[in-house]
Amino acid sequence: NCNQWCLIASEKNDDQSLIVHQDIALYVSQLSEHKKLEYDLKQNRCAYFQVCSGHISIDEQVLNTGDAAVFNGPQTIELNALNNAEILLFDLPQD
């Protein structure tokens, strides 16, 4: 589905995701041009965003295909698609 987070792997098999034996939630999104998407990052978690294709901005920083960004929680992170983009999001424990 476009313009929303789709859980594809997790420790708890949430939303019929693949099971992984790690404290992780892996999401994917296909974001349409000029669309926005938020992620609410919890306390003691970090989010690693990987741009698989396209161009996005996060907090006014432009990320291109192959670029990545890491954020520590808690915070709400807003992604803006500069063109059609595919993004992976790894929600991990904060060290």
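Going by the structure above, here's the rest.
Note that residues are indexed from 1 along each chain, following the sequence as it is written. Note on the predicted model: pLDDT of at least 70 is required for a residue's local features to be given, and 80 or more for side-chain atom pairs to be given and counted; whole-chain, interface and lining totals, by contrast, use all residues. For side-chain calculations, the full set of non-hydrogen atoms in the structure is used, while hydrogens and water are omitted.

1. Section: the sheet that holds strand β8 (residues 68-72)
The sheet built from six strands is open, its strands ordered β2-β1-β3-β10-β5-β8 with mixed pairing. The sheet is open, and its two edges are formed by β2 (18-19) and β8, each paired on a single side. Two elements, strand β5 (residues 45-53) and β8, share five bridges in a ladder whose sense is antiparallel. Its bridge partner being in β8, cysteine 46 is matched across the sheet by asparagine 72. Two strands qualify as a pair provided DSSP detects at least 2 bridges between them. Helix and strand labels come from DSSP, where a helix needs a run of H or I of at least four residues and a strand needs a run of E of at least two; each type is numbered from the N terminus.

2. Quick word on the pattern of salt bridges
Within this document, salt bridges are pairs made up of a side-chain nitrogen of Lys or Arg and a carboxyl oxygen of Asp or Glu, the two lying within 4 Å of each other. Applying the stated criterion to the full structure yields two salt bridges. Here arginine 45 makes a salt bridge to aspartate 23, at a shortest N to O gap of 2.9 Å. Highlighted residues: arginine 45 in strand β5 and aspartate 23 in the loop between β2 and β3 (25-31), separated in sequence by 22 residues. Only protein chains enter the accessibility calculation, which uses a 1.4 Å probe. A residue is then buried if its area is under 20% of the maximum for its type, exposed if over 50%, and partly exposed in between. Looking at arginine 45, the relative accessible area reads 15%, which means it is buried. Among the residues examined, aspartate 23 registers a relative accessible area of 39% and is labelled partly exposed. Note that arginine 45 and aspartate 91 form a salt bridge whose closest N and O atoms lie 2.7 Å from each other. Of the two residues, arginine 45 is situated in strand β5 and aspartate 91 in strand β10 (residues 85-93); the sequence distance between them amounts to 46 residues. Take arginine 45 and aspartate 91: they sit in the same class, and that class is buried. Taken together, the shared-partner salt bridges connect Asp23, Arg45 and Asp91 into one network.

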